[in-house]
Amino acid sequence: MNLEKYKIIKNNFIFSYRNKILALREYYEAKSIDISMEDFNMLNKKYRDYIIEMINELGCIFKEFYNIDFCITLSGSLARYTNNLFSDIDINYLTTSYNFKDIIDIEDKINYILQEVLKFRGKDKLHSMVLYLPLIDEKKISAIDNNEYILNFVDGQITVKCRENAEKLMYETYNSTRNIYDVINYFNSYDNEFNINEWAYCFKFVFNKEYLNIYKKCRNEYRKINNINIFIDNLLNDIRKDNNYLDGNLTCVENALLKKIYKTNVLFNFYKLLAIFYRLDKNISDFNVDCFLNESIIFDKKLFNLFNEYLKSIQDLQLILNKKNIDLSSHSNTVLDINSINESYKVLTNRENILKDLNKKKKNLYNKCIFILRRIKIEE
């Protein structure tokens, strides 16, 4: 592929999708004071649908330029249907081969187009779950030292950068497998009567769904309820231990700490709850929130609404930070001005204090989770 052809493809996708996606954020900002949960979910679904549509189209285009068979899957919030309008893209490019040069080249070039369409601030906003697997190499990546990752073409280059403190993530990314059998074996090893992990169920095939047959044939999904009370007790303990709430009168807080307390920890515990539901309720056909809501006998409408209300506050925070050219990031040591955030929060929602609202909604969600966990324990 030459550079000029690539730029044409990139610009076509920017023209076709950027304004539609940015319009979702603009609509939400304009309506956020009294937006309904139905509209909130609709906007996030459209965001997800646009991304899936782009990935599928890009996969088809790039397959014509490379002599390699591959698939593209989503994990994380976009596969779980718990994304918001500022979610990262957890995207996986997988093949049956162990020659990864071409697949990594495809990955970098498609991801850059998605990054440009969505106006992400760094290439690390798109990353693969393969970096959690054991590394298959330890090669030094020179680009990490100067944060300049090169996309090579027959007639030129493009330089792409990451956000701050992404060195470890990028080292792991470029030293990880792209083999689908490695991923399946990893899932199987962490999905059994002694382990329960929602990420082992959260995997959506987007491009080249023929690979889904490989996945279904080799993936030994565990849906028995052995040790389920142990998992329930462990989660109850984790929720009780997460008694971290920032003082609503704080004037500043570190970015990474804010994300850890209100996004990472809370959502991680909620997703563990979904994994327990998935084990218990065989009516649930697929691991996404739509299926939980429509098919589960455990996941009720009140829990769904409490989760969405919490997710809306996270989205409000990310929207405010985004307008200040800041990402809510676990890698950022930047100290955030809470007074400034609250001024923007007042304009956005007509509410006074985002930390107090997050504290209240976190407690409400956790109380509902505790109530359900106690109710679903199996008598022994």
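Within any chain, residue numbers begin from 1 and follow the written order of that chain's sequence. Residues qualify for local features only when their pLDDT is at least 70, as the model is predicted, and side-chain atom pairs are given and counted only at 80 or more; totals for whole chains, interfaces and linings, by contrast, use all residues. To obtain the side-chain values, all non-hydrogen atoms of the structure were included, while hydrogens and water were left out.

1. Here we look at the packing of helix α2 (residues 37–63) against helix α12 (residues 301–323)
Now for step 1: For the pair α2 and α12, interaxial distance at closest approach is 11 Å and the crossing angle is 65 degrees. Read as a crossing pair, α2 and α12 show a hand that is left-handed. Here Met37, Phe40, Asn41 and Asn44 of α2 lie close against α12, whose contacting residues are Phe304, Asn308, Glu309, Leu311, Lys312 and Gln315.
Now for step 2: Tallied by class, residues from the contact of α2 with α12 come to 4 nonpolar, 4 polar and 2 charged. With axes taken as lines fitted to C-alpha atoms, and helix axes fitted only over the stretch in contact, angles between N-to-C directions fall between 0 and 180 degrees. A run of DSSP states H or I qualifies as a helix once it reaches four residues; a run of E qualifies as a strand once it reaches two. Both are numbered from the N-terminal end. Should the near helix be turned counterclockwise from the far one by less than a right angle, the crossing is left-handed, whereas a clockwise turn marks it as right-handed. By definition, residues are in contact when any of their heavy atoms lie within 4.5 Å. Side-chain classes are defined by residue name, with Ala, Val, Leu, Ile, Met, Phe, Trp, Tyr, Cys and Pro counting as nonpolar, Asp, Glu, Lys and Arg as charged, and the others, Gly among them, as polar.

2. Description of the environment of Ser285
Now for step 1: By the element assignment, Ser285 lies in the loop between α10 (255–280) and α11 (289–295).
Now for step 2: For the pair Ser285 and Ile338, spaced 53 residues apart in sequence, the C-alpha to C-alpha distance is 42 Å.
Now for step 3: Not counting residues within four places of it along the chain, the set of residues in contact with Ser285 comprises Tyr278, Cys291 and Glu295.

3. Digging into the environment of Met1
Now for step 1: Checked against the element boundaries, Met1 lands in the segment before α1 (3–31).
Now for step 2: It is 6.7 Å that separates the C-alpha atoms of Met1 and Val154, two residues lying 153 residues apart in sequence.

4. A closer look at the sheet that holds strand β3 (residues 126–127)
Now for step 1: For two strands to count as paired, DSSP must find a minimum of two bridges between them. Overall, mixed pairing links the 4 strands, which are arranged β3-β2-β1-β6 in an open sheet. Each edge of the open sheet carries a strand with a single partner, namely β3 and β6 (204–207).
Now for step 2: Against the sheet, α2 makes contact with β1 (71–75), β2 (89–94) and β6, and its axis sits at roughly 50 degrees relative to β6, the strand it touches most.

5. As for the pattern of salt bridges
Now for step 1: For salt bridges, the criterion is a side-chain nitrogen of Lys or Arg within 4 Å of an Asp or Glu carboxyl oxygen. On inspection of all chains with the given rule, the structure shows 24 salt bridges.
Now for step 2: A network of salt bridges, in which partner residues are shared, links Arg121, Asp124, Arg163 and Asp327.

6. Describing empty space enclosed by the protein
Now for step 1: Buriedness for pockets is judged along seven lines, at least five of which must meet protein on both sides within 12 Å for an open set on the 1 Å grid over protein atoms alone, while cavities are sets there where a 1.4 Å probe fits but cannot get out, and lining residues have an atom within 4 Å of a point. Grid points are joined across faces, edges and corners, and a volume is the space filled by probe spheres set on the points. Under the criterion given, the structure shown has 3 cavities of 30 Å³ or more.
Now for step 2: For the largest cavity, the calculated volume is near 110 Å³.
Now for step 3: Taken together, Arg25, Phe86, Leu118, Lys119, Phe120, Arg121, Lys125, Gln318, Asn322, Ile326, Asp327 and Leu328 form the lining of the largest cavity.
Now for step 4: Considered as a void within the structure, the second largest cavity measures approximately 50 Å³ in volume.
Now for step 5: Listing elements by their share of the lining of the second largest cavity, those giving two or more residues are α4 (101–118), β3 and α6 (167–174).
Now for step 6: Residue composition of the lining of the second largest cavity, grouped by class: 3 nonpolar, 4 polar and 3 charged.

7. Looking at the packing of helix α9 (residues 228–241) against helix α14 (residues 354–376)
Now for step 1: Closest axis-to-axis distance for the α9/α14 pair is 10 Å, and the angle between their directions is 160 degrees. The angle between the axes of α9 and α14 places the two elements in the roughly antiparallel class. Remark: the crossing between α9 and α14 carries left-handed chirality. Contacts between α9 and α14 involve Ile232, Leu235, Leu236, Ile239 and Arg240 from the former and Tyr366, Cys369, Ile370, Leu373, Arg374 and Ile376 from the latter.
Now for step 2: Considering only residue class, the contact of α9 with α14 consists of 9 nonpolar, no polar and 2 charged. Roughly parallel here means an angle under 35 degrees, roughly antiparallel means over 145, roughly perpendicular means 65 to 115, and every remaining angle is called oblique.

8. Quick notes on the pairing of strand β5 (residues 156–160)
Now for step 1: Across 5 bridges, strand β4 (residues 149–153) lies against β5 in antiparallel orientation. What sits directly across from Asn152, in β5, is Gln157.
Now for step 2: Here β4 folds back onto β5 in antiparallel fashion, the turn holding 2 residues.

So, to be careful, I would describe these as geometric facts and stop short of saying anything about function.
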